[in-house]
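A structural walkthrough
One letter stands for each residue in the lines below.
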Amino acid sequence: MSKYLVETFYTCTFKVKHYLDKINQTELDGLEQRDDGEFEVIDIKIDTRKTKSLEKKSSSKNDTNISEVKLDKGANVLENKNLNKNNKFLKNVDEAINKRFSMPDRRKGYIQKATIGDHKVYLHTGEYEDGKIGEIFIDTSKEGELVKALMNNFAIAISLGLQYGVPLDEFVNAYVDTKFEPSGKVFGNDRILSATSILDYIFRELAISYLNREDLAHTPSIGRSDSTLDSEDNNSEENNKLIKIVKDITSKGFVRNDYKRKLVDLSDIRINLKGKK
(Lines give C-alpha, C1' and ligand atoms only; values in the text may rest on other atoms or scores of the structure.)
Protein backbone atom coordinates (compact mmCIF):
# COMPACT_ATOMS: atom_id res chain seq x y z
CA MET A 1 0.00 0.00 0.00
CA SER A 2 1.28 3.42 -0.90
CA LYS A 3 2.50 5.59 1.91
CA TYR A 4 2.46 9.01 0.27
CA LEU A 5 0.18 11.07 -1.99
CA VAL A 6 1.84 13.59 -4.30
CA GLU A 7 -0.30 16.31 -5.94
CA THR A 8 1.28 18.40 -8.69
CA PHE A 9 -0.40 21.55 -10.02
CA TYR A 10 0.42 22.69 -13.56
CA THR A 11 -0.35 25.81 -15.56
CA CYS A 12 -0.72 25.15 -19.27
CA THR A 13 -0.83 27.72 -22.06
CA PHE A 14 -2.14 26.46 -25.39
CA LYS A 15 -3.80 27.76 -28.51
CA VAL A 16 -6.56 26.37 -30.72
CA LYS A 17 -6.63 26.98 -34.46
CA HIS A 18 -9.90 26.93 -36.41
CA TYR A 19 -10.16 27.20 -40.18
CA LEU A 20 -13.33 29.06 -41.16
CA ASP A 21 -14.90 29.86 -44.52
CA LYS A 22 -16.27 33.16 -43.24
CA ILE A 23 -15.91 35.37 -40.18
CA ASN A 24 -18.86 36.91 -38.38
CA GLN A 25 -19.95 37.35 -34.80
CA THR A 26 -22.03 34.16 -34.84
CA GLU A 27 -19.06 32.06 -35.97
CA LEU A 28 -16.76 33.65 -33.40
CA ASP A 29 -19.21 33.14 -30.53
CA GLY A 30 -19.51 29.45 -31.34
CA LEU A 31 -15.81 28.61 -31.55
CA GLU A 32 -15.70 27.18 -28.03
CA GLN A 33 -18.38 24.61 -28.93
CA ARG A 34 -16.60 23.34 -32.03
CA ASP A 35 -14.59 20.11 -31.85
CA ASP A 36 -12.60 20.51 -35.08
CA GLY A 37 -9.92 22.79 -33.65
CA GLU A 38 -6.21 22.02 -33.70
CA PHE A 39 -4.57 22.24 -30.27
CA GLU A 40 -0.98 23.36 -29.83
CA VAL A 41 0.69 23.53 -26.42
CA ILE A 42 2.77 26.67 -26.01
CA ASP A 43 4.04 26.46 -22.44
CA ILE A 44 3.69 24.26 -19.34
CA LYS A 45 4.82 25.35 -15.90
CA ILE A 46 4.78 23.60 -12.53
CA ASP A 47 3.10 25.87 -9.98
CA THR A 48 3.07 23.93 -6.72
CA ARG A 49 3.61 20.40 -5.44
CA LYS A 50 2.13 18.95 -2.27
CA THR A 51 3.14 15.72 -0.51
CA LYS A 52 0.81 14.06 1.96
CA SER A 53 1.33 11.04 4.19
CA LEU A 54 -1.28 8.27 3.91
CA GLU A 55 -0.14 6.50 7.07
CA LYS A 56 -2.10 6.90 10.26
CA LYS A 57 1.03 7.87 12.13
CA SER A 58 2.82 10.83 10.59
CA SER A 59 6.29 10.08 9.37
CA SER A 60 9.28 12.08 10.44
CA LYS A 61 9.80 15.54 9.01
CA ASN A 62 13.16 14.56 7.56
CA ASP A 63 11.66 11.82 5.39
CA THR A 64 8.97 14.14 4.10
CA ASN A 65 11.47 16.84 3.20
CA ILE A 66 13.74 14.39 1.38
CA SER A 67 10.84 13.06 -0.69
CA GLU A 68 9.79 16.55 -1.68
CA VAL A 69 13.28 17.56 -2.76
CA LYS A 70 13.75 14.47 -4.91
CA LEU A 71 10.40 14.89 -6.59
CA ASP A 72 10.95 18.57 -7.31
CA LYS A 73 14.36 17.83 -8.79
CA GLY A 74 12.92 15.22 -11.12
CA ALA A 75 10.11 17.53 -12.09
CA ASN A 76 12.54 20.29 -12.96
CA VAL A 77 14.54 17.94 -15.18
CA LEU A 78 11.36 16.87 -16.96
CA GLU A 79 10.23 20.45 -17.37
CA ASN A 80 13.58 21.60 -18.78
CA LYS A 81 13.67 18.69 -21.19
CA ASN A 82 10.18 19.22 -22.58
CA LEU A 83 10.17 23.03 -22.66
CA ASN A 84 13.70 23.84 -23.75
CA LYS A 85 12.55 25.56 -26.92
CA ASN A 86 9.93 27.62 -25.11
CA ASN A 87 12.47 28.74 -22.50
CA LYS A 88 14.86 29.92 -25.21
CA PHE A 89 12.04 31.82 -26.88
CA LEU A 90 10.99 33.47 -23.63
CA LYS A 91 14.60 34.37 -22.85
CA ASN A 92 15.01 36.06 -26.23
CA VAL A 93 11.76 37.96 -25.73
CA ASP A 94 12.81 39.13 -22.27
CA GLU A 95 16.18 40.30 -23.56
CA ALA A 96 14.52 42.24 -26.37
CA ILE A 97 12.00 43.84 -24.02
CA ASN A 98 14.57 44.88 -21.43
CA LYS A 99 17.07 46.26 -23.95
CA ARG A 100 17.55 50.01 -24.14
CA PHE A 101 18.26 51.54 -27.54
CA SER A 102 20.50 54.47 -26.73
CA MET A 103 20.47 57.61 -28.83
CA PRO A 104 23.38 58.29 -31.21
CA ASP A 105 25.94 60.84 -30.04
CA ARG A 106 25.15 63.13 -32.98
CA ARG A 107 21.44 63.21 -33.64
CA LYS A 108 18.76 65.05 -35.57
CA GLY A 109 15.75 66.83 -34.14
CA TYR A 110 14.05 70.19 -33.97
CA ILE A 111 13.04 72.93 -31.52
CA GLN A 112 9.47 74.26 -31.45
CA LYS A 113 8.72 77.48 -29.62
CA ALA A 114 5.15 78.25 -28.67
CA THR A 115 3.22 80.41 -26.20
CA ILE A 116 0.33 79.06 -24.15
CA GLY A 117 -1.37 81.93 -22.37
CA ASP A 118 1.54 83.99 -21.03
CA HIS A 119 3.90 81.01 -20.77
CA LYS A 120 6.55 80.20 -23.35
CA VAL A 121 7.27 76.53 -23.98
CA TYR A 122 10.30 75.20 -25.87
CA LEU A 123 10.06 71.62 -27.06
CA HIS A 124 13.35 69.93 -28.07
CA THR A 125 13.31 66.54 -29.78
CA GLY A 126 16.01 63.98 -30.59
CA GLU A 127 15.72 61.37 -33.32
CA TYR A 128 17.32 58.07 -34.24
CA GLU A 129 19.01 57.66 -37.60
CA ASP A 130 15.77 56.29 -39.12
CA GLY A 131 13.81 59.36 -38.04
CA LYS A 132 12.00 57.87 -35.03
CA ILE A 133 11.79 60.04 -31.94
CA GLY A 134 13.92 58.92 -29.01
CA GLU A 135 13.99 61.79 -26.55
CA ILE A 136 12.37 65.11 -25.65
CA PHE A 137 13.34 68.12 -23.54
CA ILE A 138 10.88 70.70 -22.20
CA ASP A 139 11.84 74.23 -21.20
CA THR A 140 9.34 76.73 -19.79
CA SER A 141 9.46 80.36 -18.77
CA LYS A 142 7.78 82.20 -15.90
CA GLU A 143 7.74 79.02 -13.85
CA GLY A 144 9.26 78.33 -10.46
CA GLU A 145 12.15 75.98 -9.85
CA LEU A 146 9.79 73.24 -8.68
CA VAL A 147 7.74 73.24 -11.89
CA LYS A 148 10.85 73.38 -14.06
CA ALA A 149 12.42 70.46 -12.21
CA LEU A 150 9.21 68.43 -12.55
CA MET A 151 8.97 69.14 -16.29
CA ASN A 152 12.63 68.25 -16.84
CA ASN A 153 12.31 64.95 -15.00
CA PHE A 154 9.02 64.21 -16.75
CA ALA A 155 10.80 64.66 -20.09
CA ILE A 156 13.57 62.30 -18.95
CA ALA A 157 10.97 59.67 -18.01
CA ILE A 158 9.29 59.96 -21.42
CA SER A 159 12.67 59.73 -23.15
CA LEU A 160 13.60 56.58 -21.24
CA GLY A 161 10.26 55.04 -22.13
CA LEU A 162 10.79 55.76 -25.83
CA GLN A 163 14.29 54.29 -25.72
CA TYR A 164 13.01 51.11 -24.05
CA GLY A 165 10.45 50.62 -26.80
CA VAL A 166 7.25 52.22 -25.50
CA PRO A 167 5.28 53.39 -28.57
CA LEU A 168 4.70 57.10 -28.88
CA ASP A 169 1.00 56.29 -29.40
CA GLU A 170 0.72 55.20 -25.77
CA PHE A 171 2.00 58.54 -24.48
CA VAL A 172 -0.21 60.46 -26.89
CA ASN A 173 -3.33 58.61 -25.76
CA ALA A 174 -2.39 59.12 -22.12
CA TYR A 175 -1.65 62.86 -22.14
CA VAL A 176 -3.72 64.44 -24.91
CA ASP A 177 -6.70 66.37 -23.49
CA THR A 178 -5.22 66.60 -19.98
CA LYS A 179 -6.45 69.80 -18.35
CA PHE A 180 -4.53 72.15 -16.07
CA GLU A 181 -3.10 75.64 -16.20
CA PRO A 182 -1.58 77.19 -18.23
CA SER A 183 -4.08 76.57 -21.01
CA GLY A 184 -5.84 78.48 -23.77
CA LYS A 185 -4.75 79.85 -27.12
CA VAL A 186 -1.45 78.72 -28.62
CA PHE A 187 0.74 81.13 -30.56
CA GLY A 188 3.78 80.11 -32.61
CA ASN A 189 2.57 76.73 -33.87
CA ASP A 190 1.03 76.55 -37.34
CA ARG A 191 -1.01 73.38 -36.63
CA ILE A 192 -2.18 73.82 -33.02
CA LEU A 193 -4.35 76.81 -32.08
CA SER A 194 -5.31 75.93 -28.52
CA ALA A 195 -4.39 73.49 -25.77
CA THR A 196 -5.91 72.43 -22.47
CA SER A 197 -2.47 72.13 -20.84
CA ILE A 198 1.23 72.06 -21.62
CA LEU A 199 1.16 68.26 -21.86
CA ASP A 200 -1.82 68.39 -24.20
CA TYR A 201 0.10 70.78 -26.48
CA ILE A 202 3.37 68.80 -26.38
CA PHE A 203 1.87 65.45 -27.30
CA ARG A 204 -0.38 66.96 -29.95
CA GLU A 205 2.74 68.42 -31.54
CA LEU A 206 4.61 65.11 -31.35
CA ALA A 207 1.64 63.16 -32.71
CA ILE A 208 1.28 65.49 -35.70
CA SER A 209 5.00 65.55 -36.45
CA TYR A 210 5.89 61.87 -35.95
CA LEU A 211 2.62 59.93 -36.23
CA ASN A 212 0.76 61.92 -38.92
CA ARG A 213 -2.17 62.34 -36.53
CA GLU A 214 -4.01 64.99 -38.51
CA ASP A 215 -7.09 64.43 -36.32
CA LEU A 216 -5.26 66.19 -33.46
CA ALA A 217 -4.41 69.28 -35.56
CA HIS A 218 -6.61 72.36 -35.68
CA THR A 219 -5.49 73.53 -39.12
CA PRO A 220 -5.02 71.53 -42.32
CA SER A 221 -1.57 70.73 -43.63
CA ILE A 222 -0.26 73.55 -45.77
CA GLY A 223 0.62 72.48 -49.31
CA ARG A 224 -0.78 70.58 -52.23
CA SER A 225 -2.77 67.39 -51.90
CA ASP A 226 -1.08 64.02 -52.00
CA SER A 227 -2.93 63.11 -55.21
CA THR A 228 -1.41 66.10 -56.96
CA LEU A 229 2.05 65.19 -55.69
CA ASP A 230 1.72 61.58 -56.79
CA SER A 231 0.88 62.68 -60.32
CA GLU A 232 4.01 64.80 -60.61
CA ASP A 233 6.96 62.54 -61.45
CA ASN A 234 6.35 60.22 -58.50
CA ASN A 235 8.20 57.41 -60.29
CA SER A 236 11.19 59.49 -61.23
CA GLU A 237 14.36 57.74 -60.08
CA GLU A 238 16.28 60.98 -59.59
CA ASN A 239 13.45 62.47 -57.53
CA ASN A 240 13.35 59.40 -55.28
CA LYS A 241 17.11 59.57 -54.74
CA LEU A 242 16.84 63.24 -53.80
CA ILE A 243 14.04 62.52 -51.34
CA LYS A 244 16.12 59.76 -49.74
CA ILE A 245 19.04 62.17 -49.28
CA VAL A 246 16.73 64.73 -47.69
CA LYS A 247 15.35 62.09 -45.30
CA ASP A 248 18.86 61.12 -44.23
CA ILE A 249 19.95 64.65 -43.35
CA THR A 250 16.69 66.30 -42.28
CA SER A 251 14.70 65.96 -39.09
CA LYS A 252 11.55 63.91 -39.71
CA GLY A 253 9.65 65.88 -37.10
CA PHE A 254 10.74 69.24 -38.47
CA VAL A 255 9.38 68.65 -41.97
CA ARG A 256 6.40 66.62 -40.60
CA ASN A 257 7.02 63.90 -43.26
CA ASP A 258 6.19 66.38 -46.07
CA TYR A 259 9.54 65.95 -47.79
CA LYS A 260 8.20 66.54 -51.28
CA ARG A 261 6.57 69.79 -50.24
CA LYS A 262 9.76 71.03 -48.58
CA LEU A 263 12.03 70.36 -51.56
CA VAL A 264 13.31 73.32 -53.57
CA ASP A 265 14.50 72.58 -57.11
CA LEU A 266 17.74 74.48 -57.76
CA SER A 267 18.74 72.59 -60.88
CA ASP A 268 17.90 75.46 -63.27
CA ILE A 269 19.51 78.22 -61.20
CA ARG A 270 22.70 79.71 -62.57
CA ILE A 271 24.91 81.80 -60.31
CA ASN A 272 27.24 84.35 -61.85
CA LEU A 273 30.37 84.50 -59.74
CA LYS A 274 32.25 86.87 -62.04
CA GLY A 275 33.06 90.23 -60.56
CA LYS A 276 32.42 93.52 -62.27
CA LYS A 277 35.22 94.71 -64.54
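The following paragraphs examine the structure supplied in this document. (Residues numbered from 1 in each chain as written. Predicted model: local features only at pLDDT ≥ 70, side-chain atom pairs only at ≥ 80, totals over all residues. Heavy atoms only, no water.)

**Focus on the overall build of the protein**
Our working definition: Helix and strand definitions follow DSSP, with helices as H or I runs of at least four residues and strands as E runs of at least two, each counted in order from the N terminus. Burial classification: accessible surface area is computed with a 1.4 Å probe over protein chains only, and a residue below 20% of its type maximum counts as buried, one above 50% as exposed, and the rest as partly exposed. Whether two residues touch is decided by their heavy atoms; if any such pair falls within 4.5 Å, the residues are in contact. Residue burial considers only the protein chains on display, and all accessible areas are found by Shrake-Rupley using a 1.4 Å probe.
Looking only at helices and strands, the protein has 10 helices and seven strands in total. When the 277 residues of the protein are sorted by exposure, 27% land in the buried category. Contacts spanning at least 24 positions in sequence make up 58% of the contacts within the protein whose residues lie at least 6 apart. For the protein, the exposed area adds up to about 20100 Å²; of that, 53% sits on carbon and sulfur atoms.

**Re the side chain of Thr115**
With respect to the helices and strands, Thr115 occurs in strand E3 (residues 111–116). The exposure class assigned to Thr115 is buried, which follows from its relative accessible area of 19%. Residues within four places of Thr115 in sequence aside, it is in contact with Lys120, Lys185, Val186 and Phe187.

**Thoughts on the packing of aromatic side chains**
Test applied: Aromatic contacts are taken between Phe, Tyr and Trp rings whose centres are within 6.5 Å, Trp giving its six-membered ring; a plane angle under 30 degrees counts as stacked, one over 60 as edge-to-face, and the others as tilted.
Throughout the structure, instances matching the rule amount to four aromatic pairs. Residues Phe154 and Tyr175 carry aromatic rings whose centres are separated by 5.2 Å and whose planes lie at 90° to one another, so their mutual orientation is edge-to-face. With Phe154 in helix H4 (residues 145–163) and Tyr175 in helix H5 (residues 168–175), this residue pair connects regions lying 21 residues apart in the sequence. Residue Phe154 is classed as buried on the basis of its relative accessible area, which comes to 17%. Here Tyr175 falls in the partly exposed class, since its relative accessible area comes to 22%.

**Comments concerning the packing of H5 against helix H6 (residues 198–211)**
Our working definition: Only the stretch in contact is used when a helix axis is fitted, and all axes are lines through C-alpha atoms; the angle between N-to-C directions ranges over 0 to 180 degrees. Crossings are assigned a handedness: left-handed for a near helix turned anticlockwise from the far helix by less than a right angle, right-handed for a clockwise turn. Polar here means any residue outside two lists: the nonpolar Ala, Val, Leu, Ile, Met, Phe, Trp, Tyr, Cys and Pro, and the charged Asp, Glu, Lys and Arg; Gly therefore counts as polar.
It is at 9 Å that the axes of H5 and H6 come closest, and there the two elements cross at 145°. Taken as a pair, H5 and H6 cross one another with a handedness that is left-handed. Contact residues: Leu168, Asp169, Phe171, Val172 and Tyr175 in H5; Leu199, Asp200, Phe203, Leu206, Ala207, Tyr210 and Leu211 in H6. Here the residues of the contact of H5 with H6 are counted per class, giving 10 nonpolar, no polar and two charged.

**Examining the nonpolar core**
Applicable threshold: What we call a nonpolar core is a set of buried Ala, Val, Leu, Ile, Met, Phe, Trp, Tyr and Cys residues that are connected through their side-chain atoms within 4.5 Å.
If you look at the biggest cluster of nonpolar residues, it comprises 31 residues, and the most contacted ones within it are Ile136, Ile138, Tyr201, Ile202, Phe203 and Leu206. Of all elements in the fold, only E3, strand E4 (119–127), strand E5 (133–140), H4, H5 and H6 reach the threshold of two or more residues within this core. Here the element with the most residues in this core is H6; it accounts for nine residues. Not counting the four nearest positions on each side in its chain, Ile136 is found in contact with Leu123, His124, Thr125, Ala155, Ile158, Ser159 and Leu206.

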